[in-house]
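Spelled out, the chains give:
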Amino acid sequence: MKRIIIAIDGYSSSGKSTMARDLARRIGYVYVDSGAMYRAVTLYALENGMASQAQGVDSEALTAALPSITISFTPAGADGRQHTLLNGRDVENEIRDMKVSSMVSPVAVIPAVRHHLTRLQQGYGKEKGIVMDGRDIGTTVFPDAEMKVFVNASAEERARRRVKELTEKGEEVSYDEVLENIRERDHIDTTRKESPLRKADDAVVLDNDKMTIPEQMEWLMNLYNSRCL
Ligand code: DC
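Report follows, based on the coordinates. (Residues numbered from 1 in each chain as written. Predicted model: local features only at pLDDT ≥ 70, side-chain atom pairs only at ≥ 80, totals over all residues. Heavy atoms only, no water.)

**Examining the layout of surface pockets**
Here is step 1: Size it by volume and the largest pocket reaches roughly 1,100 Å³.
Here is step 2: Every residue lining the largest pocket is counted, 47 residues in all, and those nearest its centre are Ser-13, Ser-17, Arg-96, Arg-162 and Glu-165.
Here is step 3: Mapped onto the lining of the largest pocket, the elements with two or more residues apiece are α1 (16-27), β2 (30-33), α2 (34-47), α4 (98-108), β8 (130-134), α7 (155-168), α8 (175-191) and α9 (213-227). (1 Å grid on protein atoms, 1.4 Å probe; cavity = no way out; pocket = protein on both sides within 12 Å on 5 of 7 lines; lining within 4 Å. Points joined across faces, edges and corners; volume = space filled by probe spheres on them. Helix = DSSP H or I, 4+ residues; strand = E, 2+ residues; numbered from the N terminus.)

Put into structure tokens, the structure is as follows:
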């Protein structure tokens, strides 16, 4: 069967990572979570005094530090998940907490950060047979991807899902705080100058507010099968 590139873009907490990972596992493709890469760079900036809630991000210092930031992924473990490594350290849990979530959008607007990560992401796609999810995969990273999906879900539904996910991990968060963070990230992600979040002209929209996970998988598999003919 023909091996293709699959780009899945959409708003934060729209469930796109779960669906991209499940799809990759099902069809035997490599999965890359591009958001995890932006999160890892953000964690690096926070840990090295280049970003804080009060001061914002020191984009010059972070740009200069980019060559010393290595991001990689472990193979999927028993839980079916790949873990993100920052300079060889497993940071999978830390990059998902609120401290990182609330600083990641200002880091992701820095052009040098975007160029650096885009190049790394394009490298992963050289062999095709890849599913990558993010914000600009179908528009900037892989504009020639054979299959592009744009995932839509309301901010309220996404906030509910995110609260559930964080609560299950033992993090105490309020629905209002999470909803505000999601709205703020939507705003920054869609209005930034460099590679803003938008649907590629040739992407197919998946509205998943009221779809179950098996329904989404069936929808994706139908599209995938049609693109591999
Ligand atoms: O998918 P996520 O919520 O884990 O992504 C975290 C942040 O990274 C998100 O707020 C915007 C940014 N991002 C981006 O700008 N471009 C991507 N391709 C992926 C993520």
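**A closer look at the sheet that holds strand β5 (residues 71-73)**
Here is step 1: Spatial ordering of the open sheet is given by β5-β6-β7, a layout of three strands whose pairing is antiparallel. The two strands at the open ends of the sheet, each matched to only one other strand, are β5 and β7 (89-90).
Here is step 2: Docked against the sheet, α2 engages β5, β6 (84-86) and β7, running at close to 35 degrees with respect to β6. (Pairing = 2+ DSSP bridges. Contact = heavy atoms within 4.5 Å. Axes fitted to C-alpha atoms, helices over the stretch in contact; angles between N-to-C directions.)

**With respect to the pattern of salt bridges**
Here is step 1: According to the stated counting rule, one finds 17 salt bridges in the structure shown.
Here is step 2: The partner of Glu-157 in a salt bridge is Arg-160, with the nearest N and O atoms 3.3 Å apart. With Glu-157 and Arg-160 both in helix α7 and three residues apart, this pair spans about one turn of that helix.
Here is step 3: Three or more residues joined by partner-sharing salt bridges are found here, namely Asp-33, Arg-81, Glu-92 and Arg-96. (Salt bridge = Lys/Arg side-chain N within 4 Å of Asp/Glu carboxyl O.)

**Side note on the packing of α4 against α8**
In helix packing, the relevant descriptors are the interaxial angle and the interaxial distance, both defined with respect to the helix axes.
Here is step 1: The geometry of α4 relative to α8 is characterised by a closest axis approach of 9 Å and an angle of 20 degrees between their N-to-C directions. On the basis of their axis angle, the class for α4 and α8 is roughly parallel. Relative to α8, α4 is oriented so that their crossing is left-handed. Within the contact between the two elements, α4 uses Met-98, Ser-101, Ser-102, Val-104, Ser-105 and Pro-106 and α8 uses Glu-177, Asn-181, Arg-185, Ile-188 and Asp-189.
Here is step 2: Of the residues in the contact of α4 with α8, the class split is four nonpolar, four polar and three charged. (Parallel < 35°, antiparallel > 145°, perpendicular 65-115°, else oblique. Left-handed = near helix turned anticlockwise from the far one by under 90°. Nonpolar A, V, L, I, M, F, W, Y, C, P; charged D, E, K, R; others polar.)

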